[in-house]
Number of protein chains: 2
Amino acid sequence: MMTNSITAKGLNERAQHLLKVLVEHYIRDGEPVGSRTLSRDSGLELSPASIRNVMADLEELGFIAAPHTSAGRVPTVKGYRLFVDTLLAIKPLEQQEIHLIQQKLTSNDLNQRSLLASASTMLSAITRMAGVVTLPRREYIAWRHIEFLPLSEHRVLAILVINEGEVQNRILKLDHSYDSNTLQQISNYLNTHFTGKEIHAARAELLNELNRTRVNMNNLMLAAISMAEKVFEGQGRETGRSYVIAGETNLMEWAELSDVEKLRRLFDAFNQQRDILHLLDKCIAADGVQIFIGEESGYGVLDECSVVTAPYSVGDEVVGVLGVIGPTRMAYERVIPIVDLTAKLLGAALNPHK
Amino acid sequence: MMTNSITAKGLNERAQHLLKVLVEHYIRDGEPVGSRTLSRDSGLELSPASIRNVMADLEELGFIAAPHTSAGRVPTVKGYRLFVDTLLAIKPLEQQEIHLIQQKLTSNDLNQRSLLASASTMLSAITRMAGVVTLPRREYIAWRHIEFLPLSEHRVLAILVINEGEVQNRILKLDHSYDSNTLQQISNYLNTHFTGKEIHAARAELLNELNRTRVNMNNLMLAAISMAEKVFEGQGRETGRSYVIAGETNLMEWAELSDVEKLRRLFDAFNQQRDILHLLDKCIAADGVQIFIGEESGYGVLDECSVVTAPYSVGDEVVGVLGVIGPTRMAYERVIPIVDLTAKLLGAALNPHK
DNA sequence: TTTGGCACTCCTGAGTGATGAGTGCCAAAA
DNA sequence: TTTTGGCACTCATCACTCAGGAGTGCCAAA
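Residues numbered from 1 in each chain as written. Chains lettered and ligands numbered in written order. Predicted model: local features only at pLDDT ≥ 70, side-chain atom pairs only at ≥ 80, totals over all residues. Heavy atoms only, no water.

**What to know about the sheet that holds strand 8 (residues 290-293) of chain B**
Residues and elements named next belong to chain B.
No. 1: Reading across the sheet, the five strands line up as 7-3-10-9-8 and stay open at both edges, with antiparallel pairing between neighbours. Edge positions in the sheet fall to strand 7 (243-246) and strand 8, since each of these pairs with one other strand and no more. On average, each strand axis in the sheet is inclined to that of its neighbour by 15°, with strand direction left out of account.
No. 2: When strand 3 (residues 130-134) meets strand 10 (residues 317-327), the two strands line up antiparallel, connected through four bridges. Bridge assignment links Ala130 to a residue of strand 10, and that residue is Ile325.
No. 3: In the packing of helix 11 (residues 274-283) onto the sheet, contacts are made with strand 3, strand 7, strand 8, strand 9 (305-314) and strand 10, and the angle to strand 9 comes to roughly 55°. (Pairing = 2+ DSSP bridges. Helix = DSSP H or I, 4+ residues; strand = E, 2+ residues; numbered from the N terminus. Axes fitted to C-alpha atoms, helices over the stretch in contact; angles between N-to-C directions. Contact = heavy atoms within 4.5 Å.)

Next comes the structure, spelled out in structure tokens:
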């Protein structure tokens, strides 16, 4: 046994360094790296044979693996994990990149949705992978404004504004027909009662009202309540967490994902939203960049992908998560600061007080 | 020379029949079909050798081609074209399918956008290809309602409703700050002047007003006009024709599109929207189902796809196009009536007078 | 005009062997 | 004790060949 030997507890300097160089190499070229290459590029003055000894140990401990007997080694998930956690040298962003991100997140004066979309697109463009941004959710959803417009007999357009300018709209089909004036009165009633209140509280209050005084309530009041209730029915669905994704097609350029069947499953998962959303929701609790490597995510479709996420906040409330999805052999040292910065800047851009 | 010979003018009965059977076969199996198969399945009592004579003629005239010497024949674009135009027996839809389409297009009471999305999804699900629906555009865009809500200093949320309940919203950054009351007055002013008018006319009128009386105009009036103008700036972009696409991933299941590089270009085109939109816009003039087979579309990425479209109307104004994108060897006899019916039903579902 | 026969083409898939990259192990050197 | 050169070994890859089979074109006979 060597005194300097590698134990389960930790790797010695040399082993760590070699693992680092190996992972970096593999991320660059995507091809298994062998002892000769490592000997040449590691900076250590070691022969391939010595390197092989270390590699054998690294393999035994599960940090690297050989696709087949006479190929070089490839990092395992465990290897990437160690690399990312302790060996990685984060590369500070170029001034130019910072500017680019800043610009894409501020030059936009349309609305929130389009801001999120452009964040997602920017992430995908700058990393050449797929970018995702969840829609922000608030614990506290403030009733801002409601408006009803008559469309035709029995059909009314309802427009609900919540929080800082999130607009939802929906067509209601009603039993009675209301004229423009009545609708105005209804919305006035609702707005004066509920503007600024929390929306679930408002709903509860409405339901309460409805049950309590069903008998001696005037028509208008009843109409107002049932109409608002109809709006709420749709509320859950519309707001039901979802995300904006961009640049999925970038993933087709990575050789390790060039299998059509795998791509199909991956893209289906993107469209389905369910699993991806689940994963992203987990990250909302983390207080910084979080990384899922390969199978770590726990969703089969992502087995050959890594996901780098960061939560973003408005004010001091964490409201959403954004990130990047790409192959496990992505350039973490670049992606991590990009995701980190984007989260911070998006939060700032969404902040209403500016 | 045969008396019954095949001329450039037209094919004789037999040749047409054999072409039809060949195309049907190829659409079913996706594999080149040979003379033996045709002899067996054509219903004609002909030996493979006789069939071969006909096939040689069909090939010379460019209706079919052989991928290589000892493979069967495959329809060319010209072959598909003849098949679709004159040989195809449209299969009437099953009652069950009609119900399905009807249901997907009516069970929806949210808003226009989600109706279009569900039409697109339904098309893709029922055909196992990609479904597209362009957003409806109206020649005549009616100003319906405008509303301004103060968000913070200098930031105002503008909500513009046009036509039958299409809602657009946008955040305006302004020089002055306005209180809720003033904004109310402004929107009142705009709504009373413009509700029901054509939106471009309204804009022209506004600009006119602005130039004419810039000097002796009261503050409110000026604010109203410049604010409306800000809304219009975004108008073009938002409304600028686009489409809803669904089920792109279905295309990955077709063997002829299993090349990742091709798929990438195709999906990029879907995201880009430009070319596809161009193509769809051409179909708005046709008065029924229109079909582009392979290179006929003129866009390289679609060389191995066919596009089946139909315009849809609200009232008696054609407002959009919907359709299906799939491999050239799609089941036209099924797809055509599906697209046709969907266009009719979507038009009906969008009709405001019901 | 149709058909059987036949030579021919060419894709496909299986098998082969050479090449080369990379390994593990061992004994000698440092 | 650690490092290293040497060496046998493994295995993916590639080019090559070869048999099998599907399908063709052509021709002469029916």
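Next, the rest of the story.
**Digging into the sheet that holds strand 3 (residues 130-134) of chain A**
Residue and element names in this part refer to chain A.
No. 1: What the five strands build is an open sheet, ordered 7-3-10-9-8; its pairing is antiparallel. With partners counted over all chains shown, the strands left at the sheet margins are strand 7 (243-246) and strand 8 (290-293), one partner each. Neighbouring strand axes in the sheet, compared pairwise and without regard to direction, differ in orientation by 15° on average.
No. 2: Running at roughly 155° to strand 3, helix 6 (residues 112-127) makes contact with strand 3, strand 7, strand 9 (305-314) and strand 10 (317-327) of the sheet.

**Considerations on the protein's contact with DNA strand D**
No. 1: Near DNA strand D, the surroundings consist of 23 residues, among which Arg14, Ser50 and Thr69 of chain A together with Ser35 and Arg73 of chain B are the closest.
No. 2: Sugar and phosphate atoms represent 75% of those atoms of DNA strand D found within 4 Å of the protein.
No. 3: One nitrogen or oxygen atom from the side chain of Ser50 of chain A is found 2.8 Å from a phosphate oxygen belonging to DNA strand D.
No. 4: In the environment of DNA strand D, a base oxygen lies 3.1 Å from a nitrogen or oxygen atom belonging to the side chain of Arg52 of chain B.
No. 5: If you list the elements that add at least two residues to the surface near DNA strand D, you get helix 3 (48-60) of chain A together with helix 3 (48-60) of chain B.
No. 6: With four residues, helix 3 of chain A is the single largest residue contributor to the surface near DNA strand D.
No. 7: Taken together, the residues that form the surface near DNA strand D break down as five nonpolar, 13 polar and five charged. (Near = heavy atom within 4 Å. Polar contact = N/O pair within 3.5 Å; in protein donor to acceptor, adjacent residues only side chain to side chain. Nonpolar A, V, L, I, M, F, W, Y, C, P; charged D, E, K, R; others polar.)

**Remarks on the protein's contact with DNA strand C**
No. 1: Around DNA strand C, a shell composed of 24 residues is seen, among which Ser35 and Arg73 of chain A together with Arg14, Ser50 and Thr69 of chain B lie nearest.
No. 2: Here DNA strand C approaches the protein such that, of its atoms within 4 Å, sugar and phosphate make up 75%.
No. 3: Here a phosphate oxygen of DNA strand C and a side-chain polar atom of Ser35 of chain A are 2.6 Å apart.
No. 4: Arg73 of chain A is positioned such that a nitrogen or oxygen atom in its side chain is 2.8 Å from a phosphate oxygen of DNA strand C.
No. 5: Put simply, the parts of the chain that give the surface near DNA strand C at least two residues each are helix 3 of chain A together with helix 3 of chain B.
No. 6: A total of four residues in the surface near DNA strand C trace back to one element, the largest contributor, which is helix 3 of chain B.
No. 7: In terms of residue class, the surface near DNA strand C is built from five nonpolar, 13 polar and six charged.

**Considerations on the packing of aromatic side chains**
No. 1: As enumerated under the stated definition, the model contains seven aromatic pairs over all chains in all.
No. 2: Seen from their ring centres, Tyr80 of chain A and Tyr332 of chain A are 6.2 Å apart, and the 55° between their planes marks the pair as tilted. Note that Tyr80 of chain A is positioned in helix 4 (residues 77-87) and Tyr332 of chain A in helix 12 (residues 332-350), a separation of 252 residues in sequence.
No. 3: Residue class for Tyr80 of chain A comes out buried when judged on its relative accessible area of 3%.
No. 4: Relative accessible area serves as the criterion here: at 0%, Tyr332 of chain A is assigned to the buried category.
No. 5: The structure contains a cluster of three or more aromatic residues connected by ring pairs, namely Phe267 and Phe270 of chain A together with Phe267 and Phe270 of chain B.
No. 6: Across from the ring centre of Phe63 of chain A, 4.6 Å away, lies the NZ or CZ of Lys78 of chain A, which sits over that ring. (Phe/Tyr/Trp six-rings, centres within 6.5 Å; stacked < 30°, edge-to-face > 60°. Buried < 20%, exposed > 50% of the residue type's maximum accessible area, 1.4 Å probe, protein only. Lys NZ or Arg CZ within 6 Å of the ring centre and 35° of its normal.)

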